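The residues making up each chain are set out below.
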Amino acid sequence: MFKRLIATSNALYNEGLRRASIRDLSGAAEVLRTSLKLYKLNIPARNLLGLVYFEMGEGVRAMAEWVISKNFLPEENPAGRYLEEIQNNPTQLELISQTTKKYNQALLYCQQDSRDLAVIQLKKVLSVNPKMIRAHQLLALLYIQEQRFDLAKKTLRNALKLDGSNLTTLRYLKECNQALKREPERKKKEKQEEQLNRYVSGNEMIIQPGKLRDNTALVTILNILIGLAIGVLITWFLVVPGVKMAVRSEMNVQVSEANETIADKEQTILSLQNQIDQMNSQIEAAKLGEEESDTRLTSYQQLLNAYVAYANEDVNAAGQALASVNADYLDTTAQDAYETINTQVNEEYMDAAYKAGDTAYNEGHYDDAIQEFLKIMVLDETYHSGDALYSLAQAYSKNGDDQNAAVYYRKIATLYPDTQRARTAERFLEEYGDTAEDQGAENTAATDETAPAE
Amino acid sequence: MIDFEEELKSYEPSLEIEEAVDNIYGHDLTDLTDIFREMLEESRRN
């Protein structure tokens, strides 16, 4: 019984060896595992299983088999040499370790649905350990899932070169081939789907072309015209108001600035006008001051002349000089002197004038008489109780100047009523006709008081 | 048609070097010769 089991195990080992020699690694591994289930001490079968695993890129599993083999047969066992070679090559050992870890990481990415990362990780694994069948298969599975059948097929062919009868690889490859056969039809259908837009409107499915090409010249021209119209409208309603507003704003600013400038100029003009007025006022004041000074100086000079003439007993000259004196411009002392001289001179002056006038009147020289009497009128109209006034009126009357005569007769009638002279004057006035015309004559006579009529 | 999720379940993590020793010790090495031997011993005891 035991011999039969061992023989069967050996037969299976031979089958495994045969399959391994034709690179049916998965088949060989399956047969060799069965062989070892029958007889675990089949050292050649276990060592071959380790080699098959190693060739399939499963370094750790290979080493495990070899360790067990070495444990069962410590001496004269090739497994010892295999282990020794690996252990003496730390780089290879590290590579085995790294690829195993990366493969496990890629598997984890797949389970986490991070397929892109899984693909990257598996490519790294295969770049280091291109014999790892399971990595090829997993990568192909990911490609198939992403509909990248060309890449999947390429990976699977590489896997088949290592393990020509792997059922998983063949199944995936068959799927790829079928998919690639369907690919043209699928692409064509997808293209048609892309060109159609479908949507549901109420209870109806609406299907319309995805792209509507308007390449006709008419449509192009129409589009250009619509674009131009929109551009014009935008310009008219958006740009032009903005420009107008900007211009208006700028104009307002300029007008405001101009108004400010005008206001400043007006202010300056007003200020200058005020200065001019002030200067004119000063000039007027200076003129008045000058005239006042002249008058004052003249008054003092005439007062001095009057004094000199009075000292020389020339009363006429003194009186004329005093007539030119304006007492308002004299100081108190000068005014006292003026009053003293004036009083004395006037009396003598008026006496002399009255005497000369009376003489001229008696001699029929009425013009001269009038001149003399007028000198008295300037100083005192009431001289000698109106003698000079009456004589003057008489002289005018005799001289044929009734107009001026009426003036002085009227004064007599006013100043000395109920006298003989007044009655004479009234008679004259009645004869003369003391009407409105006489009033005009009165005004003329009033003028004559300061400027005796010729 | 390949079901990706189902296929993925058939993939198991590779044995890492750190886990190799435990795996070896935990590996069931019982073969048919062991089973027959036990059967014979049991039949002899009976």
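If you're wondering where the values come from, they're calculated on a predicted model, not measured in any experiment. (Residues numbered from 1 in each chain as written. Chains lettered and ligands numbered in written order. Predicted model: local features only at pLDDT ≥ 70, side-chain atom pairs only at ≥ 80, totals over all residues.)

A few words now on the overall build of chain B. A tally of regular secondary structure across chain B gives 3 helices and 0 strands. Starting at the N terminus, the α and β elements of chain B follow one another as α-α-α. Burial statistics for chain B: of 46 residues in total, 4% are counted as buried. (Helix = DSSP H or I, 4+ residues; strand = E, 2+ residues; numbered from the N terminus. Buried ≥ 20, exposed ≤ 12 C-beta atoms within 10 Å, placed from the backbone.)

The next subject is helix H4 (residues 59-72) of chain A. The terminal C-alpha atoms of H4(A) lie 20 Å apart, and with 14 residues this matches the ideal 20 Å at 1.5 Å per residue to within 8%. The buried count for H4(A) comes to 11 of 14 residues, which makes it a mostly enclosed element. (Expected span 1.5 Å × (residues − 1).)

With that settled, consider unusual backbone geometry. All names here are of chain A. You will see that Asp-113, though not glycine, has its phi angle at about 70 degrees, which is positive. When you line up the elements, Asp-113 lands in the loop between helix H6 (90-111) and helix H7 (115-128). Residue class for Asp-113 comes out exposed when judged on the 9 C-beta atoms lying within 10 Å of it. Phi at Gln-147 is positive, roughly 65 degrees, even though this residue is not glycine. Note that Gln-147 resides in the loop between helix H8 (133-145) and helix H9 (149-162). Looking at Gln-147, the number of C-beta atoms within 10 Å reads 10, which means it is exposed.

Turning next to the confidence of the model for chain A. All names here are of chain A. Model confidence for chain A is summarised by a mean pLDDT of 85, while 90% of its residues fall at 70 or above. Per-residue pLDDT, averaged within each element of chain A, yields its smallest value for helix H18 (residues 436-450) (42) and its largest for helix H3 (residues 43-55) (93). Ignoring residues within four places in sequence, the model shows residues 435-454, a span with pLDDT below 50, making 20 contacts including any to other chains. (pLDDT = per-residue confidence, 0-100. Contact = placed C-beta atoms within 7 Å.)

A separate point is the interface of chain B and chain A. The interface is formed by 18 residues belonging to chain B together with 31 residues belonging to chain A. At 4 residues, helix H2 (residues 17-26) of chain B tops the list of elements feeding residues into the side of chain B that touches chain A. Split into classes, the residues belonging to the side of chain B that touches chain A amount to 12 nonpolar, 3 polar and 3 charged. (Nonpolar A, V, L, I, M, F, W, Y, C, P; charged D, E, K, R; others polar.)

The subject of this paragraph is H7(A). Residue and element names in this part refer to chain A. Spanning 14 residues, H7 covers 20 Å between terminal C-alpha atoms, matching the ideal 20 Å at 1.5 Å per step. Those residues of H7 not exposed but buried are Ala-118, Val-119, Gln-121, Leu-122, Val-125 and Leu-126. Summarising the contacts, the buried residues of H7 are in contact with H6 and H8.

Residue and element names in this part refer to chain A. Counting residues in each nonpolar core, the largest one holds 54 residues, and the members touching the most others are Leu-32, Val-52, Leu-122 and Leu-139. Here Leu-139 is in contact with Val-119, Leu-122, Leu-126 and Thr-155, once residues within four sequence places are set aside. Counting 39 residues, the second largest nonpolar core, distinct from the first, contains Tyr-310, Leu-389, Tyr-409 and Ala-425. (Core = buried A, V, L, I, M, F, W, Y, C linked by C-beta atoms within 7 Å.)

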